[in-house]
Amino acid sequence: MAIDFNASNGATLGVEWELQLVDAETRHLRQDAREVLADLPSLSLDGDNPRIRHELMESMVEIVTGICSTVGEAKTDLAGTLGALRGAAADRGIALACTGTHPISDWRDAVTAPMGRYAQLVEEMQWLARRIQTFGVHVHVGISDGAKAIPIVNALSSYLPHFLALTASSPFWSAGDTGLASCRAIVFGQMPTAGPPHLLDDWAAFEDYMDTLMRSGTIRSIKDVWWDIRPHPDFGTIEIRMFDGIPTLREVGMAAALCQSLVTLFEQQLDRGYTLPRPAAWVVRDNKWRATRYGLDAIVITDDSGNTAPLRDDLYELIRELEPVADRLGCAEELKVAGEVLEHGAPYERQRAIRAEGGTLENIVDAAITELAEDRFVTLGEVVHAGA
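Residues numbered from 1 in each chain as written. Predicted model: local features only at pLDDT ≥ 70, side-chain atom pairs only at ≥ 80, totals over all residues. Heavy atoms only, no water.

Colleague: So what's going on with the packing of aromatic side chains? Residues and values would help.
Modeller: Under the criterion given, the structure shown has eight aromatic pairs. Taking 6.4 Å as the distance between ring centres and 65° as the angle between the ring planes, the aromatic pair formed by Phe188 and Trp226 counts as edge-to-face. Of the two residues, Phe188 is situated in helix α8 (residues 184-189) and Trp226 in strand β9 (residues 226-227); the sequence distance between them amounts to 38 residues. A connected cluster of aromatic rings, assembled from ring pairs, spans Phe5, Trp203, Phe206, Tyr209 and Trp227. Arg250 extends its terminal NZ or CZ atom over the ring of Phe377, reaching a point 5.9 Å from the ring centre. (Phe/Tyr/Trp six-rings, centres within 6.5 Å; stacked < 30°, edge-to-face > 60°. Helix = DSSP H or I, 4+ residues; strand = E, 2+ residues; numbered from the N terminus. Lys NZ or Arg CZ within 6 Å of the ring centre and 35° of its normal.)

Colleague: Can you break down empty space enclosed by the protein residue by residue, with the values?
Modeller: Any empty space left between the atoms is revealed when a probe the size of a water molecule rolls over them. Counted under the stated rule, the structure contains two cavities of 30 Å³ or more. One number sums up the size of the largest cavity: a volume of about 80 Å³. If you go around the largest cavity, the residues you meet are Thr99, Pro247, Pro347, Arg350, Gln351, Ile354, Ile364, Ala367, Ala368, Glu371 and Val378. Listing elements by their share of the lining of the largest cavity, those giving two or more residues are α14 (347-356) and α15 (361-374). A class-by-class count of the residues in the lining of the largest cavity yields seven nonpolar, two polar and two charged. Taken as a whole, the second largest cavity spans an internal volume of roughly 30 Å³. Taken together, Thr101, His102, Ser105, Trp107, Gln133, Trp173 and Ser174 make up the full set of residues lining the second largest cavity. Among the residues forming the lining of the second largest cavity, the class breakdown is two nonpolar, five polar and no charged. (1 Å grid on protein atoms, 1.4 Å probe; cavity = no way out; pocket = protein on both sides within 12 Å on 5 of 7 lines; lining within 4 Å. Points joined across faces, edges and corners; volume = space filled by probe spheres on them. Nonpolar A, V, L, I, M, F, W, Y, C, P; charged D, E, K, R; others polar.)

Colleague: So what's going on with the side chain of Arg350? Residues and values would help.
Modeller: Along the chain, the position of Arg350 falls in helix α14. For Arg350, the side chain forms a polar contact with the side chain of Glu251, separated by 3.1 Å. A distance of 3.0 Å separates the side chain of Arg350 from the side chain of Glu371, its partner in a polar contact. With sequence-adjacent residues up to four places away left out, Arg350 is seen in contact with Pro247, Glu251, His344, Gly345, Glu371 and Phe377. (Polar contact = N/O pair within 3.5 Å; in protein donor to acceptor, adjacent residues only side chain to side chain. Contact = heavy atoms within 4.5 Å.)

If you want it as structure tokens, here you go:
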């Protein structure tokens, strides 16, 4: 099975941001995506590349950039769409937020979006699909040659805990604390073709594997392979799908800068004749679990021999290593936001801090709404004062 890779011209970017539709009064999710999208036909019906799209559940919409050259351009693109969406949602008494799961709403109340592909997915996967009322961010980074895709995917798999811990935002599920930094990683990761990428030898091995999955009836197309990191042949990109729902545009920019810098670094190393690292599959799986459970406090495995290091320390080193690449790409300021997250707390830590200070789950929803609206981190005191 030959799969053509439409190579990109440089390290282009595309970002997909899944947003919650929250009732402005009750703070529960609203299953009104169809109505909101109908109010924005110029953005939701724009041929094959609408800026606002349905997702699996009617409680969410996804905003999508065009092809961007820089992280700044991607942020500007998202901000414009977000502004239009916010206005249409407000007219219907809906606020916008983004966390990996909604702290209060029950997945049993979710309504599947009116699209044949989603109905088919629910029919096949049943309970696994019906409970995916989860929210995430996907970042695409262009590469110049499909032959580089599999080595880069393999190398990036070492950074699944880094991607997840910085953005983990789903400690709560159906009004209870799961004890995890990211329960979204578990809920979505249990889909049969989700989870860490298969570590393959080259593009030919990828083609053979996809062919096997299709002949066996496991998938209908390669779009049904929902790895945490995957090649996207149609777009000519590497798609990083590991991020939880990200509450602020600043942090979305951080995630995009991290991805663009890492992919660029690895592509440059391939161009210079280097062989990229390929971690053992057990290390990748174990490290993903550690970040899922402990977030930034995880102790991650650093090599195939089982040596470990604090993830926070590893992240500080990674940010320093990527600074020259980010500077050349024009995303150094966005990359620095990772340092702010390490200092002030990842989203799951900010949510739990509100709870620890006596706040309610509704306060956590209020904070998420404010963080998205004002593009900054919010404390319990600010939420309570604003609601007084």
